[in-house]
Amino acid sequence: MPNYLKELGDSDKLIACSVSTFIANNMSKSSFLRHSILFLLSILFLPSAYSQGKTKPSDYGIKSKKALKFYQEGLQHDRYRDRGKAMAAYEAALQLEPNFAHAKYNLGTDLYVLRSYEEALPYLESAYELKPEDFPNAAFLLGEVYFFNGRYERALPFLQAFVNNGKGRKGDLKKAEGRLKHAIFAATAIKDSVEFNPVNLGPNINSPGDETHPFLTADGSTLLFTGKRRGSTGGGINEDLYISQWDQKAFAVAQNMGAVVNSRENQGAASITQDGRMIIFTACNLEDGYGSCDLYYATREGDTWSKPKNMGALINTRHWESYPMFSDDGKTLFFTSARPEGVGGRDIWYSNWTGETWTEAKNMGTPINSAGDEVAPFLHADGISFYFSSNFHPGFGRSDLFVSYKGEDGSWSEPKNMGYPLNSTAEDQSIFIGVNGKRAFYSSTRKGGLGGTDLYEFEIPKEVRPRIATFLRGKVVDSLSRKPLAASIKLLDVEKGDTVRRVSTDRFNGEFLASMPTEREYAAFVESKGYLFASKNFYLKELEDEKYFEVVIELAPFKEGKQVVLKNIFFEFNSATLKSTSTVELEFLFNFLKKNPRMKIEIQGHTDNVGSPEYNLQLSQNRAEAVKAYLEGKGINGKRVMAKGYGETQPVAGNITEEDRALNRRTEFKILSVGN
């Protein structure tokens, strides 16, 4: 006897074998196998009462033959998985026999399969009270529906009893063991709920279909999400990518991204880079794919998106890949894959960008991944707070949201459930948290939506907030013509010297956008071909909430006489001793001179008007000499670098306030000769 028949009752075995024989005599081998498996799977999910050999009303404790006929019709519909007709037949039987336990049990079972847990509960409760001995699987089903109705303590004894009995189907026993762990956790954790007030994003974003996986640019101005709606790009009901713009009050009506990005197949689970100029997304069944669903990317210049490209064999496999998330620092791609080399079913993997190519993907391992499914990874702009969805780590529903924090040694902390009622009995997935660490979005099947899965906005509970971050938004222009420039911007941590962000401007409008973790001091360097570089300093320690930076950066054409203020050269107080935080700018200047080996420059020192003019002149000269000495120590010929102090003679501000005086205390360089 095949293994899949062992758990069926005698009558089911007879039917299954008879139908299998018929199929075998009338179909090809491959077609026979396919239809047999589908048919037998439908048998396994039938209500168990059908196989008990009962044929008379009295066998069921009822009197009405007509009620029995309706019940048997329901069983027949269930065999073909027509649950709507089956439930109508069971309802008709109950109209005639209100205490028909088997009709109640089967009706409750169908509602459970359809995930209508609230409606299933009274039928299963009543059936269990009337004839508990007839329904060995009832304890499991009652535990399940109590759990998914949020009655976790009530679910515990039923799940425990079913597990202890050990007589259910292996699949149900395994599921009950996992659900029991969740119920034990939820029964206690629900008493320590978090503050949570979700707001549905409304009809501009949500529809009667499914909206999932929200993702925003660093400034929160552009929302990207997946929508499953009628009239998709491929016709019918498929998943497409949608975009909506924030108009200072609400998100505008979402627009389908169109056929350049979307195709006749499913597209979804996408992320957009911090500057909104690249999307990485899931696309299924395309001709250049490696498997069922692969990861693709597309870039934007001006208002035009490029044709999507497959991310290649180092990322994609013949297995399912989805839920991409590109970290704000541009160094790591996180995604979910069903490849079999993982810890569990669907795991979170990552690949690093070398500057030229992706590294071979690696599994994140435990404690992030588990024996279950982990999906929808999201790393906040702070670089240490990692959020994801799991159906295995202890939670309140079918899938919950969790957070893990990256330690100094690079390891991840044990995942923490984000709490009730943020997590609920619904499917809660795909969280996005804005740079300020407060404004958050997610997709959920919770009640009260516009249909299916909807997108919600909320203030994230304090208990699971990331660190505050902010963003830098700006434009790079020619200092003379004011025309926008294609430029690269690099942000470095002045204390560690690490490159934290790399972004580029849109060559059509010169605009750029970058998130910035706080509690650091940054040196920003802006470069464009044919122009002198510019530098900026951003001190983000003890930054106020909701503060961001908006700048216009002017680049001077590359020619003699042009000057650049070196915003990240710092000296000890009243001294010519360079601080260690000056290193990033000094190194940048050194590399600039290496790239231009014939250039000669003048390092200029300037002071405020505090102290005597003579003292300030000497201090500025000493400081200019210190910068020259650093460059010579790195190998730059001293004849290429002049050092001159100007003291307080060339102020750029009024010397009245401390802010003015700080602007006057500066180091600059001037091009004496290009040397071409």
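Residues numbered from 1 in each chain as written. Predicted model: local features only at pLDDT ≥ 70, side-chain atom pairs only at ≥ 80, totals over all residues. Heavy atoms only, no water.

Things to note about the overall build of the protein chain
- A tally of regular secondary structure across the protein chain gives 12 helices and 32 strands.
- Relative to the 2.2 N^0.38 estimate, which gives 26 Å for 676 residues, the radius of gyration of the protein chain is 33 Å and therefore markedly larger than a compact globule would have.
- Its C-alpha atoms give the protein chain principal-axis dimensions of roughly 115 × 55 × 40 Å.
- Here the protein chain holds 676 residues, and the buried ones make up 51% of them.
- Across the protein chain, the fraction of contacts at a sequence separation of at least 24, relative to all contacts at a separation of at least 6, is 56%.
- Here the protein chain displays about 31600 Å² of accessible surface, and carbon together with sulfur accounts for 50% of that area.
- The averaged location of the 84 negative side-chain charges in the protein chain is 4 Å from the averaged location of its 83 positive side-chain charges. (Helix = DSSP H or I, 4+ residues; strand = E, 2+ residues; numbered from the N terminus. Rg over C-alpha atoms; globule rule 2.2 N^0.38 Å. Buried < 20%, exposed > 50% of the residue type's maximum accessible area, 1.4 Å probe, protein only. Contact = heavy atoms within 4.5 Å. Areas by Shrake-Rupley, 256 points an atom, 1.4 Å probe, with all protein chains shown as cover. Lys, Arg positive; Asp, Glu negative; His and termini not counted. Charge placed at Lys NZ, Arg CZ, Asp CG, Glu CD.)

Thoughts on the sheet that holds strand β32 (residues 666–673)
- Spatially, the 4 strands line up as an open sheet ordered β29-β32-β30-β31, and their pairing is mixed. The sheet terminates laterally at β29 (563–565) and β31 (641–645), the two strands that pair on one side only. Neighbour-to-neighbour, the strand axes of the sheet open up by a mean angle of 20°, direction not taken into account.
- As defined by bridge partners, strand β30 (residues 600–606) adjoins β32 across 7 bridges and the pair is classed as antiparallel. What sits directly across from I601, in β32, is I671.
- Across the face of the sheet, helix α11 (residues 613–633) comes into contact with β30, β31 and β32 while running at roughly 160° to β31. (Pairing = 2+ DSSP bridges. Axes fitted to C-alpha atoms, helices over the stretch in contact; angles between N-to-C directions.)

A closer look at the state of the cysteines
- With the rule as written, the count across this model stands at 1 disulfide.
- Paired by a disulfide, C284 and C293 hold their sulfur atoms 2.0 Å apart. Looking along the S-S bond of the C284-C293 disulfide, the torsion reads about 100°, which is the right-handed sense. (Disulfide = S-S within 2.5 Å.)

With respect to the environment of G510
- Here G510 shows up in the loop between β24 (499–504) and β25 (511–517).
- Measuring from C-alpha to C-alpha, the distance between G510 and I190 comes to 50 Å, with 320 residues separating the pair along the chain.
- Setting aside chain neighbours within four positions, we find G510 in contact with G474, K475, V476, P484, L485 and T505.

Structural notes on the side chain of D328
- As for its position among the elements, D328 is in the loop between β11 (321–326) and β12 (332–337).
- Despite its burial, D328 remains without a salt bridge, the nearest opposite charge being carried by R501 at 4.4 Å.
- For D328, the contacting residues outside a window of four places in its chain are Q274, A381, R501 and S515. (Salt bridge = Lys/Arg side-chain N within 4 Å of Asp/Glu carboxyl O.)

Looking at helix α9 (residues 170–189)
- Here α9 spans 29 Å end to end across 20 residues, near enough to the 28 Å set by a 1.5 Å rise per residue.
- Each element contacted by the buried residues of α9 is listed here: α7 (138–148) and α8 (152–165). (Expected span 1.5 Å × (residues − 1).)

Section: the packing of aromatic side chains
- Inspection of the entire model under this criterion finds 42 aromatic pairs.
- Ring plane angle 45° and centroid distance 5.0 Å describe the contact between Y71 and F100, whose orientation is recorded as tilted. Taken as a pair, Y71 in helix α3 (residues 65–79) and F100 in the loop between α4 (83–96) and α5 (101–113) lie far apart in primary sequence, 29 residues in all.
- The exposure class of F100 is buried, given its relative accessible area of 0%.
- Aromatic rings pair up to connect Y112, Y117, F147, F148, Y152, F185, F396 and Y420 into one cluster.
- Lying over the aromatic face of W349, R339 brings its terminal NZ or CZ to 4.8 Å of the ring centre. (Phe/Tyr/Trp six-rings, centres within 6.5 Å; stacked < 30°, edge-to-face > 60°. Lys NZ or Arg CZ within 6 Å of the ring centre and 35° of its normal.)

Re the pairing of strand β19 (residues 428–433)
- Of all 6 residues in β19, 6 are buried, a share of seventy percent or more.
- Here 4 bridges tie β19 to strand β20 (residues 439–444), and the two strands are oriented antiparallel to one another. What sits directly across from D428, in β20, is S444.
- Hairpin connection from β19 to β20: 5 residues lie between these consecutive antiparallel strands, with G437 at a positive phi of about 80°.

Overview of the pattern of salt bridges
- Inspection of every chain in the model, using the stated rule, returns 29 salt bridges.
- As a salt-bridge pair, R229 and E211 come within 3.0 Å of each other at their nearest N and O atoms. One end of the pair, R229, is in strand β3 (residues 222–230); the other, E211, is in strand β2 (residues 210–216), and 18 residues separate them in sequence.
- Judged by its relative accessible area of 17%, R229 is buried.
- Where K595 meets E527, a salt bridge forms, and the shortest distance between an N and an O atom there is 3.6 Å. Note that K595 is positioned in helix α10 (residues 583–595) and E527 in strand β26 (residues 521–527), a separation of 68 residues in sequence.
- The class of E527 is partly exposed, set by a relative accessible area of 28%.
- Among the charged side chains, a network of salt bridges with common partners joins D608, E658, R661 and R665.

Focus on the packing of α7 against α8
- Following both chains from N to C, one finds α7 and α8 inclined at 155°, their axes separated by 8 Å at the closest point. In terms of their interaxial angle, α7 and α8 are classed as roughly antiparallel. As for the relative orientation of α7 and α8, their crossing is left-handed in sense. Residues A139, F140, L142, G143, E144, Y146 and F147 of α7 pack against Y152, R154, A155, F158, L159 and F162 of α8.
- Here the contact of α7 with α8 is built from residues that sort into 10 nonpolar, 1 polar and 2 charged. (Parallel < 35°, antiparallel > 145°, perpendicular 65-115°, else oblique. Left-handed = near helix turned anticlockwise from the far one by under 90°. Nonpolar A, V, L, I, M, F, W, Y, C, P; charged D, E, K, R; others polar.)

Looking at the packing of α5 against helix α6 (residues 117–130)
- Relative to each other, α5 and α6 sit at 150°, their axes nearing to 8 Å. If you check the angle between α5 and α6, you find them roughly antiparallel. Seen from above, α5 lies across α6 with left-handed handedness. Contacts between α5 and α6 involve A101, K104, Y105, L107, G108, T109, L111 and Y112 on the former and, on the latter, Y117, E119, A120, Y123, L124, S126, A127 and L130.
- Grouping the amino acids of the contact of α5 with α6 by side-chain chemistry returns 11 nonpolar, 3 polar and 2 charged.

Brief notes about α10
- The end-to-end C-alpha distance of α10 is 18 Å, a good match for the 18 Å that 13 residues give at a rise of 1.5 Å each.
- Along α10, the residues that are buried comprise V584, E585, L586, F588, L589, F590, F592 and L593.

Purely geometric stuff here, so don't read any function into it on its own.
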